[in-house]
Amino acid sequence: MHTIWILSLEPIETRYTAQWFAGVPRQIAAHAEAQGIAARVHMDSAGFGQEAIDSGVLNIVNVPGDGGTQRASAGAFLNFATTNLWKNQQVNRFIGMVEAGLVRDGDKVLVTDAWHPGILQLAYMRNLLDVSWEISAIWHAGSYDPWDFLGRNIADKRWSYAAERALFWAIDRNFFTTSFHWGLFSRVLKIDDDEMGDHAAYSGYPNEYLWDELPPHRLPPEQRPNLILFPHRLAPEKQLDIFKDLAATLPQYDWVVCQEQSLTKPQYHALLGQAKMSFSAALQETLGIAQAEATIAGAMPLSPRRLAYNEQYSAPFLYPSDWTANWDAYRANKDFLVSYIRTLMDDYATPRMQAEIARQEQALKARYLTATPLYQHLVGA
């Protein structure tokens, strides 16, 4: 029986990574057991040894990084300095497992963020030590996306594009959540479908836990205040200025910018469960967990017809992309957007709109926030 090694993102309480750290290994184990395969989760590789291998079960091992407090940089979803402490320590601990003879032929390594320089070290060791472990990874974003942090802040992309291509080819199975994301990645980095082989695959994110965490916060439709949320990071590509201008134009509604509230994760979930609408004018989104969370909490995820939103959401929750393509386009189309927001807010509690939200929630669960293809690949059954 092989071992699955997980190099997770650092667990940050305000992001989904805290749930991933504990939840991903347990979801893999649950998938294995549903296939009739006995599995055991080891939350820290420090306690893993030869006796676990000899037990004959599928072992799923978290390889944590530095144990210090992880806080995101301002306006970001991780800390641009301490993320490297976390990743470096993960690689050091994995090397210790290799040196101890605990990483074997046929083992599988899952890296939950493909922008991890340690992947190159794993591939280096694998090739030179002649131990055939497999590397899988989930892509979130990178310099190939002009609106991502890396895309905006790396002026000379010759090195970053080369690094992203190297990571792609060092990884045996690259997982993308949306066709928009894969299309952007492959187009910018010039990866031809004909040469790709099995290197790229689709899977939703491992966010099944949301259906445990969010529904308890859902207020009934008739009890919800006229609340509209901006659930995104305070970053230029999210176009907060459009949201604030709409708030000034439509004072009959309560408009809340979530990241201006210093909310804990439970408080944020409670706010989602009160809202009628979650608004986006994003110019960058390869999945959009914020809008998905709002939907699961019972809100209408009003989004532009572009990016990953275009394949995720149904017609009632999409407005024409031109309406918020930039500030000038917004000003030219503002009356249309204002009118549509009024219509949706008036319709929120109707049976028709509640059915639309329910259908949208099920579509997200079936394809974008359930990682069955990833689990299937790792378990191999």
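Rules used throughout
- Residues numbered from 1 in each chain as written.
- Predicted model: local features only at pLDDT ≥ 70, side-chain atom pairs only at ≥ 80, totals over all residues.
- Heavy atoms only, no water.
- Salt bridge = Lys/Arg side-chain N within 4 Å of Asp/Glu carboxyl O.
- Buried < 20%, exposed > 50% of the residue type's maximum accessible area, 1.4 Å probe, protein only.
- Helix = DSSP H or I, 4+ residues; strand = E, 2+ residues; numbered from the N terminus.
- Phe/Tyr/Trp six-rings, centres within 6.5 Å; stacked < 30°, edge-to-face > 60°.
- Pairing = 2+ DSSP bridges.
- Right-handed = clockwise from strand over helix to strand, strands pointing away.
- Expected span 1.5 Å × (residues − 1).
- Bend = angle between axes of the 7 residues up to and from the residue.

(A) Structural view of the pattern of salt bridges. Taken as a whole and judged by the stated rule, the model has 13 salt bridges. Two residues, D156 and R158, come together in a salt bridge whose shortest N-O distance is 2.8 Å. For R158, a relative accessible area of 69% gives the class exposed. Note that E285 and K238 form a salt bridge whose closest N and O atoms lie 3.1 Å from each other. A residue pair is termed long-range when its members are at least 10 positions apart, and E285 in the loop between strand 10 (277-279) and helix 12 (289-296) and K238 in the loop between strand 8 (227-230) and helix 10 (240-249) qualify at 47 residues. A single burial state applies to E285 and to K238, both of which are buried.

(B) Structural context of the packing of aromatic side chains. For the structure on display, the rule yields 28 aromatic pairs. Centroid distance W182 to F185: 5.9 Å. Interplanar angle 25°. Geometry classified as stacked. In this pair, W182 and F185 both sit in helix 7 (residues 179-188), three residues apart, roughly one turn of the helix. Here W182 and F185 have matching classes, each one buried. For the pair Y309 and Y313, a centre-to-centre distance of 6.0 Å together with 50° between the ring planes defines the contact as tilted. Classification of Y309 by relative accessible area gives buried; the value is 0%. A relative accessible area of 5% places Y313 in the buried class.

(C) Inspection of the pairing of strand 9 (residues 254-257) at higher detail. Two strands pair when backbone bridges link them, and strand 8 and strand 9 are joined in this way by four bridges, in the parallel orientation. Across the sheet, L229 pairs through a bridge with V256, a residue of strand 9. Chirality of the crossover, the property in question, places the unit of strand 8, helix 10 and strand 9 among those that are right-handed.

(D) Region of the structure containing the sheet that holds strand 12 (residues 318-319). Taken in spatial order, the five strands of this open sheet run 9-8-10-11-12, and their pairing is parallel. The strands lining the two open edges of the sheet, one partner per strand, are strand 9 and strand 12. Bridge analysis of strand 11 (residues 300-304) against strand 12 gives two bridges, and the strand direction is parallel. Residue pairing across strands places P304 opposite Y319, the latter belonging to strand 12.

(E) Representation of helix 1 (residues 17-34). For helix 1, spanning 18 residues, the distance from its first C-alpha to its last is 25 Å, which sits close to the expected 26 Å at 1.5 Å a residue. Taking the largest bend as the criterion, helix 1 deviates by roughly 40°, centred on G23, and proline P25 comes between one and four positions later. Every buried residue belonging to helix 1 is among T17, Q19, W20, F21, V24, P25, I28, A29, H31 and A32, and all of these are buried. G36 lies just past helix 1 and shows a positive phi near 85°.

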